[in-house]
Amino acid sequence: PTAKQEQLIAIPDAVFEVLYGGAAYGGKSFILTLLPLIRGWYKYRGFKGSIFRRTFPDLERENIRLSKEYYPKTGGVYNEQKHFWHWPAYGSYVDFNHIQHSSDVKDYDSYQSNYAFFDELTHFDEASYLYFVGSRVRPGTSFNLAVARSGSNPGGIGQTFVYNRFVRPDEEGGKLIYDTKTGLYRMFIK
């Protein structure tokens, strides 16, 4: 991994939200798609991860292709019809999801995820992101992890909310940002 990717990998699970931001070709999608493997989360019974893009074709072009190269090496089995990885030895999952329209976030009302990765976060609107991260990302009964990690380039419909939430409080990146409303921490990696 690059120095910035190593910085992301090393962030403790106690930091609820992290934005890995910057220009194209920084390895954001790569490292965040592989994070459940690198951190070994998939080995915990009951782990459930979610990888989001705005549209399903975006997932197919990047994250699914990438996962097919690496996930099988850890015992993962891909379900082509339902678009998820399952590790039978551990009973864990990583799902590929999308929120193309704001109302689509309600499709996940009964969903629970330990790890949510929003690829190209600025492509999502604030309400969808906050709803999913605020209500669907939570610890499971058998795996006490709840983290949201995102990657993004500048631009898109969510640029203002992403800037205000992650960048404005720490433009240089790397410092913990305490959210007084939730009592949780977040961080920006520039």
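You'll find the structure just up there.
What comes next is a walk through the structure. Because the structure is predicted, anything quoted here is derived from the model rather than measured.

Some details on helix 4 (residues 126–135)
Alright, step 1. Residues Ser128, Tyr129, Phe132 and Val133 constitute the buried set of helix 4. Angular distribution of buried residues about the axis of helix 4 spans 110°; they occupy a single face of the element. Seen from the open side of helix 4, the exposed residues pointing more than 90 degrees away from its buried face are Ala127 and Gly134.
Alright, step 2. The inward-facing, buried residues of helix 4 contact strand 1 (15–21), strand 2 (48–53), strand 6 (115–119), strand 7 (147–152) and helix 5 (159–167).
Alright, step 3. N-cap assignment for helix 4: the residue whose side-chain oxygen lies 3.2 Å from the backbone N of Ala127 is Asp125.

Some remarks on the packing of aromatic side chains
Alright, step 1. Inspection of every chain in the model, using the stated rule, returns 23 aromatic pairs.
Alright, step 2. A centroid spacing of 5.6 Å and a plane angle of 80° characterise the contact between Tyr108 and Tyr111, whose relative ring orientation is edge-to-face. Summarising the burial analysis for this pair, Tyr108 and Tyr111 share the class buried.
Alright, step 3. What links up through ring pairs into an aromatic cluster is the set Phe52, Tyr108, Tyr111, Phe118, Phe124, Tyr129, Phe132 and Phe161.

Basis of the calculations
Residues numbered from 1 in each chain as written. Predicted model: local features only at pLDDT ≥ 70, side-chain atom pairs only at ≥ 80, totals over all residues. Heavy atoms only, no water. Buried < 20%, exposed > 50% of the residue type's maximum accessible area, 1.4 Å probe, protein only. Helix = DSSP H or I, 4+ residues; strand = E, 2+ residues; numbered from the N terminus. Arc of directions from axis to C-beta. Contact = heavy atoms within 4.5 Å. Polar contact = N/O pair within 3.5 Å; in protein donor to acceptor, adjacent residues only side chain to side chain. Phe/Tyr/Trp six-rings, centres within 6.5 Å; stacked < 30°, edge-to-face > 60°.

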